[in-house]
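Structural overview
Residues per chain are reported as follows:
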Amino acid sequence: MSIIAGQGDAARSLALLWGEGEAGSGRAAPGPKPALSVTAVVAAAVEVADEGGVAALSMRAVAERLGRSSMALYTYVPGKAELVDLMYDRAHAELPGAYPLDDGWRAAATAWAADLRALYLRHPWLLQVSYARPVLGPCEQRVMEALAGVLFATGLPASTLRAAAASLFDLVRGGARTRAEARLAAAATGVADTEWWAERAARLGEVAPDFAERFPLSVRLSAGDAETGGAASWEERMDATHAAGLALLLDGVEAAAEGRPGGVSPR
């Protein structure tokens, strides 16, 4: 299930995210140097979530990783809700703040999508945090700023690019979620995807021998797998599908840019 971000105290969360005190900018509060830091607490929490997902995350689990008591953490982070916001934002610090346009906006957009997808797959718990309500932190915002810098190079108006940006986020996040869930399914069940599909396909042929006649267009769509390069594994097919979907979306942006006065080509 998804966790809704931004459920903690707004004043405390935003102060920590944007660096009032020690958290976001590294400015230390006056007085003796603390035994821990917000940065250390957040880093430990990310490690816990990387290993066990959001379900494994608790103030106690983070405290144990740091060799401290749960109560010691509340000096730095008010609670789990604020901690999730900090973790989510801090993970996005791994992404570049801008992309060069030397090879055109389309190449830059493709690189942005690849980096964001890789981030989600390194930290799949990020996909368990709903972005219906953003955490409004600086690192998360840098990701949007980087994409905006790429898309505005098309010459399209902000009203069009807002839809393009939202669609790109949805495409990357949705594809990464399916990819991450496929890994989880194989690990949780002990059955590889290829084995699962082979067994189900054989059984389906037995119980629905007229499947192709009943659902001819679905079968026709499935035949498109052979056109994605003949990828052997299920994950490779998902990667190929993601690349093809991204190309289609960028084709649409490109067509809109080339059809508008002031629009520019992707190169």
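Each value, and the rule that gives it
Residues numbered from 1 in each chain as written. Predicted model: local features only at pLDDT ≥ 70, side-chain atom pairs only at ≥ 80, totals over all residues. Heavy atoms only, no water. Helix = DSSP H or I, 4+ residues; strand = E, 2+ residues; numbered from the N terminus. Buried < 20%, exposed > 50% of the residue type's maximum accessible area, 1.4 Å probe, protein only. Core = buried A, V, L, I, M, F, W, Y, C linked by side-chain atoms within 4.5 Å. Contact = heavy atoms within 4.5 Å. Phe/Tyr/Trp six-rings, centres within 6.5 Å; stacked < 30°, edge-to-face > 60°. pLDDT = per-residue confidence, 0-100. Patch = residues over 30% accessible without salt bridge, like charges linked within 9 Å, V, L, I, M, F, W, Y side chains within 5 Å. Areas by Shrake-Rupley, 256 points an atom, 1.4 Å probe, with all protein chains shown as cover. Salt bridge = Lys/Arg side-chain N within 4 Å of Asp/Glu carboxyl O.

Here the phi dihedral of Leu136 falls at roughly 65°; this positive angle occurs in a residue that is not glycine. Of note, Leu136 is situated in the loop between β2 (129-130) and α7 (138-151). With relative accessibility at 49%, the residue Leu136 sits in the partly exposed group.

Before going further, it helps to examine the nonpolar core. Val62, Leu83, Met87, Trp112 and Trp125 are the most contacted members of the largest nonpolar core, which has 61 residues in total. Of all elements in the fold, only α1 (10-17), α2 (38-52), α3 (59-66), α5 (80-91), α6 (105-122), α7, α8 (158-189) and α12 (234-258) reach the threshold of two or more residues within this core. Here this core takes nine residues from α6, the largest share from any one element. If we skip the residues at most four places from it in the chain, Leu83 touches Val41, Val42, Ala45, Leu57, Met59, Val62 and Val77.

Here the structure, examined in full by the defined rule, presents three aromatic pairs. Ring geometry for Phe211 versus Phe215: centroids 5.0 Å apart, planes at 50°, classification tilted.

Let us now look at the confidence of the model for the chain. When pLDDT is averaged along the chain, the result is 89, and 88% of the positions lie at 70 or above. Least confident of the elements in the chain is strand β1 (residues 3-4), whose mean pLDDT is 89; most confident is α6, at 98. Across residues 21-28 the pLDDT falls below 50, and counting only partners more than four positions away or on other chains, this stretch makes 16 contacts in the model.

Let us look at a nonpolar patch on the surface. Taken together, Leu204, Val207, Phe211, Phe215 and Val219 make up a surface patch of nonpolar side chains, about 410 Å² in accessible area. On the secondary structure map, Leu204 appears in helix α9 (residues 193-207).

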